[in-house]
Amino acid sequence: MVPGSLTSAAPAVLDTPLCEDHPLIRLENIHVSYALKDGTWKKVLNGIDLDIRPGEFISVVGQTGCGKSTLLRLVLGSEMPTEGSVLVEDREIRRPDRDRGYVPQKYSLFPDKTVSGNITFGLEVEEFSLLTRFTPQFYKRRREFRAEAMRQLIKMGLHESDAAKYPDQLSGGMQQRVAIAQALVMKPKILLMDEAFSALDPGTRAGMQKLIRNVWKETGTTVLFVTHNIAEALHLATRVIVLAKNPDADGSCIALDLPVPDHEFAGDYAALAARIEQATGHMRVDAS
Amino acid sequence: MSLLNVNVKPSRTACWTLSWLLFATGIVLYFYTAQKRHKENPDDRVVPTLAQLAAGIYQAAMSPDGDEAPAAQVQGQSAFGRFHTSMLWTDTVASSRRFFYGLALLFPAVLLGLHMGIFPYFGVFFLRFILFFDKIIALSVLPILFIAFGIDELSKVMLIVIGVTPTIILDTFNLTKGVPPEQLVKGFTLGASDFDVAYRVVLKQIWPRVLNSIRLNLKPLMLFLFAGEMIASTDGLAYRIALLRRHMGMNIIIPYVLWVAFLLFLVDLTMRLLNKKLHPWFREA
């Protein structure tokens, strides 16, 4: 594989409507650089090409500063590439939108809203503007939204009594469960998770990994999961994108695209982990 | 037990006693001085005795302003009626009206600060000017205000606006900028528009802190109001204090000062309780 190129076996001709082999997300020749205070530029991503097909579970791993979160923000639309383009369903994205759910590591919930309010927020803003939210129709629909929130809450393994709690009354794991429910209630095509489980203890983290894997299987949502934990990346994903320092030593990162074999092939799995370790330098497969 | 021990936890009794000690000392010192001065000069008006203070309070709360209505007119009225026409009440109403006009004008300032923090073009357009405006000493432009707006209500309200709104705008701007970007992005990914993010995500999150900022600026607000009233007014609490100063009417000035402090304390307490009630999720740092 050519370093920097991630375009896997996707067809060269784009067919519409979207078929399973047609990329849902396409990153074309992505370059990202940041201006430094001394007037120079720091290259972060250098010529990344990547196709992600619908229903894939992609983990992105790499050393700190290699551009994992930048890559995610590009797909999210909260950051624009210096060069190249990011396409979702063949449309260039310019800003975050409701077709891309987002679960960050911190500040994933609105602190001023209850658990129920956090989950129903998207449904409410979708149907009711700032002015129409004071109409009787809003209060009628709100009951339905709350029922939907309750269903999502239970699906995420939380209790009905948690609905009235505020985020600061929940543990880190529970907050992330609510954040996933909040994102999924909008039925996004893509779920973007940025180190979403990094702040959790190992036990909770294992539970969350199981949960997200089940959610992915059930909903078929395309997941882009950024993590610094190689074991977690391999455990969850169908493909792992490894961002590693460019051997040309210009400081930027290139990417390796590694399909993950079925987990029963322990030999392949270990070999893959070793390959990622080698690519990322000092990163090690930690117990998750 | 050392008083200067960081790790000590005062008992409930110690907390109560210590927190009231300075009040008690102040009262004792005041009446000691009053008694001492009255022994030397029974006509002393600088530090009135308890009886003089009581007479002053009665006069302020039960007698009308001498310019407004002659005392004979209110002789037959009930205590409530007399209080309603008293100078304390009419002054309080006049000052409160100006105070609440000033307070109401802070809300557009909050919205301006919010928009400056959310919409970058809005921010760059206003920020430098507001930063400059904030450095203008409001009292220094008082003569200009009197010339431009006359000596009526508008000039006093404008003084409050010039004195307090830049602080509120900048506070709101900084609070808006302090909202984690993840929250804004999250809002957009949930289908919110720019205005939804501004009003339903950011404003709701910063609102308790904005209320706190307004609460902490009540004193400057009153300060500018008093400055305006003392210089050019025909009613109001500060006008009365300034007027009585000429007659050495300390027996009314002191109750007026305590009354203003009490009113401000009430507004502060109401705002704090409202903030707590309306935003149960909010924990002050």
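For the structure, check the block above.
Anyway, here's the lowdown on the structure attached to this text. Since the model is a prediction, treat every value here as computed from it, not as a measurement.

1. Quick word on the interface of chain B and chain A
Accessible area lost during the coming together of the parts is what is often quoted as the interface size. Taken residue by residue, the interface counts 22 residues in chain B and 32 residues in chain A. Of all residues in chain B, B:Lys186, B:Leu190 and B:Arg200 give up the largest surface area on contact with chain A, accounting jointly for 33% of the area buried on that side. Put simply, chain B and chain A have 1 salt bridge between them. With a shortest N-O distance of 3.3 Å, A:Arg95 and B:Asp194 are connected by a salt bridge. There are 8 residue pairs in polar contact (both at pLDDT 80 or more) connecting chain B and chain A. Among the elements of the structure, helix 9 (181-189) and helix 10 (194-216) of chain B are those that each provide at least two residues to the side of chain B that touches chain A. Looking at the side of chain B that touches chain A, the element that brings in the most residues is helix 10 of chain B, giving 8 residues. The residue makeup of the side of chain B that touches chain A, split by class, is 10 nonpolar, 5 polar and 7 charged.

2. Overview of the nonpolar core
With 109 residues, the main nonpolar core has A:Ile180, A:Met193, A:Phe197 and B:Phe99 as its most contacted residues. Looking at this core, the element that brings in the most residues is helix 10 of chain B, giving 9 residues. Not counting residues within four places of it along the chain, the set of residues in contact with B:Phe99 comprises B:Leu218, B:Leu221, B:Met222, B:Leu225, B:Leu264 and B:Val267. With 29 residues, the next largest nonpolar core counts A:Leu45, A:Leu50, A:Leu76 and A:Ile190 among its residues.

3. Here we look at the packing of helix 5 (residues 106-118) of chain B against helix 10 of chain B
Residues and elements named next belong to chain B. Axis separation between helix 5 and helix 10 bottoms out at 10 Å; the angle between their running directions is 130°. Taken together, the axes of helix 5 and helix 10 lie oblique to each other. With respect to the hand of their crossing, helix 5 and helix 10 are arranged in right-handed fashion. Residue-level inspection shows Leu106, Phe107, Val110, Leu111, Leu114, His115 and Ile118 of helix 5 in contact with helix 10, the latter providing Phe195, Ala198, Tyr199, Val202, Leu203, Ile206, Trp207, Val210 and Ile214. Considered class by class, the residues forming the contact of helix 5 with helix 10 number 15 nonpolar, 1 polar and no charged.

4. Observations regarding the pattern of salt bridges
All names here are of chain B. Across all of its chains, the model carries 24 salt bridges over all chains by this definition. Close ionic contact of Glu229 with Arg98 constitutes a salt bridge, the shortest N to O distance being 2.6 Å. Here Arg98 lies in helix 4 (residues 87-104) and Glu229 lies in helix 11 (residues 218-231), a separation of 131 residues in the sequence. Residues Glu229 and Arg98 agree in their burial class; the two are buried. Across the pair Arg272 and Asp268 runs a salt bridge, and its minimum N-O distance is 3.2 Å. Of this pair, Arg272 and Asp268 both sit in helix 13 (residues 250-278), separated by 4 residues, roughly a single helical turn. On the basis of relative accessibility, which here comes to 17%, the residue Asp268 falls in the buried class.

5. Focus on the pairing of strand 9 (residues 222-226) of chain A
All names here are of chain A. Of all 5 residues in strand 9, 5 are buried; the element is thus mostly enclosed. Where strand 8 (residues 190-194) and strand 9 come together, 5 bridges link them in parallel fashion. Across the sheet, Leu191 pairs through a bridge with Val223, a residue of strand 9.

6. Focus on a nonpolar patch on the surface
On the surface, B:Trp16, B:Trp20 and B:Phe23 cluster together into a nonpolar patch covering about 420 Å² of accessible area. Under the relative-accessibility criterion, B:Phe23 is labelled exposed at 53%.

Calculation criteria
- Residues numbered from 1 in each chain as written.
- Chains lettered and ligands numbered in written order.
- Predicted model: local features only at pLDDT ≥ 70, side-chain atom pairs only at ≥ 80, totals over all residues.
- Heavy atoms only, no water.
- Contact = heavy atoms within 4.5 Å.
- Buried area = accessible area lost by both parts, 1.4 Å probe.
- Salt bridge = Lys/Arg side-chain N within 4 Å of Asp/Glu carboxyl O.
- Polar contact = N/O pair within 3.5 Å; in protein donor to acceptor, adjacent residues only side chain to side chain.
- Helix = DSSP H or I, 4+ residues; strand = E, 2+ residues; numbered from the N terminus.
- Nonpolar A, V, L, I, M, F, W, Y, C, P; charged D, E, K, R; others polar.
- Core = buried A, V, L, I, M, F, W, Y, C linked by side-chain atoms within 4.5 Å.
- Buried < 20%, exposed > 50% of the residue type's maximum accessible area, 1.4 Å probe, protein only.
- Axes fitted to C-alpha atoms, helices over the stretch in contact; angles between N-to-C directions.
- Parallel < 35°, antiparallel > 145°, perpendicular 65-115°, else oblique.
- Left-handed = near helix turned anticlockwise from the far one by under 90°.
- Pairing = 2+ DSSP bridges.
- Patch = residues over 30% accessible without salt bridge, like charges linked within 9 Å, V, L, I, M, F, W, Y side chains within 5 Å.
- Areas by Shrake-Rupley, 256 points an atom, 1.4 Å probe, with all protein chains shown as cover.

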